[in-house]
Each structure stands twice: as C-alpha cells, then as structure tokens.
Amino acid sequence: MSTDEVTVLVVDDSAVDRLLARRLLETGGGWRVVQAADGVEAMVALTQFTPAAVLTDMQMPRMDGLALVGHIRREHPRVPVVLMTGSGSEEIALAALQLGAASYVPKRNIPLDLVTVIGQVLTASQLDDGRVGALRALRERVSRYVLDNDPALIPPLVQVLREELVAFGLCDATGATRVGTALKEALLNAVYHGNLEVGSVSAAASDGSFERLVAERRDQSPYRDRQVALTATLNPTSASYVITDQGLGFDVSSLPAPTDTSYLGRATGRGVLFMRTFADEVMYNSAGNQVMLVKRREQPA
C-alpha cells in the first residue's frame, strides 16, 4: 500500500491535539489525514470514505471513543482503530481494546511513538486476498516453526499466521490484526526476554543500549545457540499457538493482572497487555519459558 493511497481519520475534540497528530502523520508517515471533532462527526465521515485506519481520543462529547470503536467494529470491520489514551481514560481505553481496537498510544508519547504505531497497524492490516482465498480450502492445519533469534523473521511469519486465521473464518481482518499483534509480542518476548535474557528495563531505554545488547548477545554463547519453537494448530473452531524459548524462564506469578490499566501508560508491559486482551486464552507453563495463546472462532455481530 503506497502512502498516497492511505488516509487516516483522526478523531479528537481538542483542535490542538488534532493538529499535532495531523502534522506527525503527514510529515512522519506521508499519510493523508482527515479530521473529526468527535465520534458523531467521525460516523458521518465514515459514510463518505473508508480510511486505512482511525486514530481516536477516548473522552469526547456526544460520542466517546468506546462507542466509536463499537460502531466501527460493527459497521466497518476491516478498519483498524488506534486509541489515544490520556490520564483518566485508562478504564475506557482498556474496554475499547477488549471491544475491538487494534492498538493505543499514550498521549504523552504521541510525538515519539504515533507514527511507529500507526505504521505497524497499517502494515499488519494488509492481507493477500489471493492467498487467503486459496487457503480457504484447508480444513485443518498444524505448522511447526523453529526460529533463530532474528526479530526480522517475526513480521513475515505473523503475516502468514494472520492469513490462516481469516482463511479459516475464525475472525475478520481486524480480528486477525489483533491476534497477529499478540503473536508478534509473544514471539519477541521469547527472543528478547527468553533466549537473549534482555530485561524489560533495557527495552524501555531510548539511547540505543537495548539494540546494542541484542546485537551482542545474538553473537555470544549461550544466547546465540538458543531458538524459539512455534506450533500453530488451526481448525474451523479455534487456533492455538504454543511458543517455547530456551531461556531460563521467569516467575509467572509476577505478571500483572489482566485488568491492570496502569500498563496503558508505561513504556513496558504492552506486550503482555496485548496478548491477554487480543487472545481468548493465554497460558504459561510453570517454568515461564512457554506460552500458549488460543483464539476461538468469533461469532458474527
């Protein structure tokens, strides 16, 4: 999808915040931006054109972000929604993620993270319709993958897994984007925190130290010899994904509660939040080096 074909609908009752988002998206991503002051204006805009993505604030007059997410999931299921979360909107933002939003950006992080998050969602929302059509002939599929510690391998693998989900009719394109995000985060956790033993504190650094440590450990023993195994099992009723790393594991009891909204504003913890929100079940083994994600067939709205 070339940038001149991509339109992002920005919904926010603050004219200043809309202008900031527009400038970032246009200059940083090269995308066209259409603006709406609240959910009601956004609904009108959605009758006139179909954006590639919607970026919405949560707290707005007339129709808030939660109601808008619900409307888009029902009426425009192929359009992913990204939330802008501010202080005081954490509860409604978590509800919107559970309802069908694809990702979020804390408002204080918008200058640094907005373009990256929108780009990731736009990339993840693309499907090869020809491949999906061919895969519809499948009735059951079990795939086993063994990955080296190369993060570049993960996005194309997740793309294949997303296409299978849609082909099996387990969810629509936006649902597959959400599951794909959960899988990407689980696989990255297995590489970074499992095999390479790079902690969450390092991952939050913005000085390049995380990337340097990852590069070093990919060439050091014992880290370089470890691999990540993925077994994907799909049938017409569900999909399960078992991801195993060869690291030391972690204390599973230290994970936050699935409803802990404080993670919406943190630099770390997004991966676990996405996994627990976008998959129907998330189960760890006792050692903490294996996780299973389950996605059950979505019922039509």
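- An unreviewed UniProt entry annotates the chain as Response regulator of Gemmata algarum.

1. Considerations on the overall build of the chain
(1) Moving on: In terms of regular secondary structure, the chain is built from eleven helices and ten strands.
(2) Moving on: Burial analysis of the chain (301 residues in total) assigns 49% to the buried set.
(3) Moving on: Within the chain, residue pairs in contact and separated by at least 24 positions form 69% of the contacts whose partners lie at least 6 positions apart.
(4) Moving on: On the chain, roughly 13,800 Å² of surface is accessible, and the fraction owed to carbon and sulfur atoms is 50%.

2. Some points on helix 2 (residues 39–48)
(1) Moving on: If you check which residues of helix 2 are buried, you get Gly39, Ala42, Ala45 and Leu46. Within helix 2, the buried residues cover an arc of 110 degrees as seen down the axis, which keeps them to one side. Those residues of helix 2 that are exposed and aimed more than 90 degrees away from the buried face are Thr47 and Gln48.
(2) Moving on: Residues of helix 2 that are buried make contact with strand 1 (7–11), strand 2 (32–36) and helix 3 (65–75).
(3) Moving on: Capping the start of helix 2 is the job of one residue whose side-chain oxygen sits 3.0 Å from the backbone nitrogen of Val40: Asp38.

3. Regarding the sheet that holds strand 4 (residues 81–85)
(1) Moving on: Taken in spatial order, the five strands make up an open sheet running 2-1-3-4-5, and their pairing is parallel. Only two strands of the sheet have a single partner each, and these edge strands are strand 2 and strand 5 (103–106). Ignoring which end each strand starts from, the neighbouring axes of this sheet average 20 degrees apart.
(2) Moving on: Here strand 4 pairs with strand 5 via four bridges, running parallel. Bridge assignment links Leu83 to a residue of strand 5, and that residue is Tyr104.
(3) Moving on: With respect to the sheet, helix 5 (residues 110–124) is in contact with strand 1, strand 3 (53–57), strand 4 and strand 5, its orientation differing from that of strand 5 by roughly 170 degrees.

4. Some thoughts on unusual backbone geometry
(1) Moving on: Going from Ser221 to Pro222, the amide bond is cis rather than trans, its omega being 10 degrees.
(2) Moving on: Secondary-structure assignment places Pro222 in the loop between helix 10 (209–217) and strand 7 (228–234).
(3) Moving on: In this structure, Arg62 is a non-glycine residue whose phi angle is positive, near 70 degrees.
(4) Moving on: For Arg62, a relative accessible area of 61% translates into the label exposed.

5. Things to note about the packing of helix 7 (residues 154–167) against helix 8 (residues 173–195)
Between two packed helices, what matters for the description is the angle formed by their axes and the separation of those axes.
(1) Moving on: Contact geometry for helix 7 and helix 8: axes closest at 9 Å, N-to-C directions at 145 degrees. Judged by the sense of rotation from one axis to the other, the crossing of helix 7 with helix 8 is right-handed. Facing Ile154, Leu157, Val158, Leu161, Arg162, Leu165 and Val166 of helix 7, the residues of helix 8 in contact are Ala173, Ala176, Thr177, Val179, Gly180, Leu183, Lys184, Leu187, Leu188 and Val191.
(2) Moving on: Looking at the contact of helix 7 with helix 8, its residues break down into 13 nonpolar, two polar and two charged.

6. Brief notes about the confidence of the model for the chain
(1) Moving on: A residue-level look at the chain finds 89% of positions with pLDDT of 70 or above and a mean pLDDT of 88.
(2) Moving on: Model confidence for the chain, summarised as mean pLDDT per element, is weakest for helix 9 (residues 200–203) at 57 and strongest for strand 1 at 98.

7. Things to note about the sheet that holds strand 7
(1) Moving on: Spatial strand order, 6-7-8-10-9: five strands in an open sheet with antiparallel pairing. Of all strands in the sheet, those bounded by a partner on one side alone are strand 6 (141–147) and strand 9 (281–284). Averaged over all adjacent pairs, the angle separating strand axes in this sheet is 10 degrees, with direction ignored.
(2) Moving on: By the bridge criterion, seven bridges tie strand 8 (residues 238–244) to strand 10 (residues 290–296) in an arrangement that is antiparallel. Bridge assignment links Thr244 to a residue of strand 10, and that residue is Gln290.

Thresholds, definitions, all that
- Residues numbered from 1 in each chain as written.
- Predicted model: local features only at pLDDT ≥ 70, side-chain atom pairs only at ≥ 80, totals over all residues.
- Heavy atoms only, no water.
- Helix = DSSP H or I, 4+ residues; strand = E, 2+ residues; numbered from the N terminus.
- Buried < 20%, exposed > 50% of the residue type's maximum accessible area, 1.4 Å probe, protein only.
- Contact = heavy atoms within 4.5 Å.
- Areas by Shrake-Rupley, 256 points an atom, 1.4 Å probe, with all protein chains shown as cover.
- Arc of directions from axis to C-beta.
- Polar contact = N/O pair within 3.5 Å; in protein donor to acceptor, adjacent residues only side chain to side chain.
- Pairing = 2+ DSSP bridges.
- Axes fitted to C-alpha atoms, helices over the stretch in contact; angles between N-to-C directions.
- Left-handed = near helix turned anticlockwise from the far one by under 90°.
- Nonpolar A, V, L, I, M, F, W, Y, C, P; charged D, E, K, R; others polar.
- pLDDT = per-residue confidence, 0-100.

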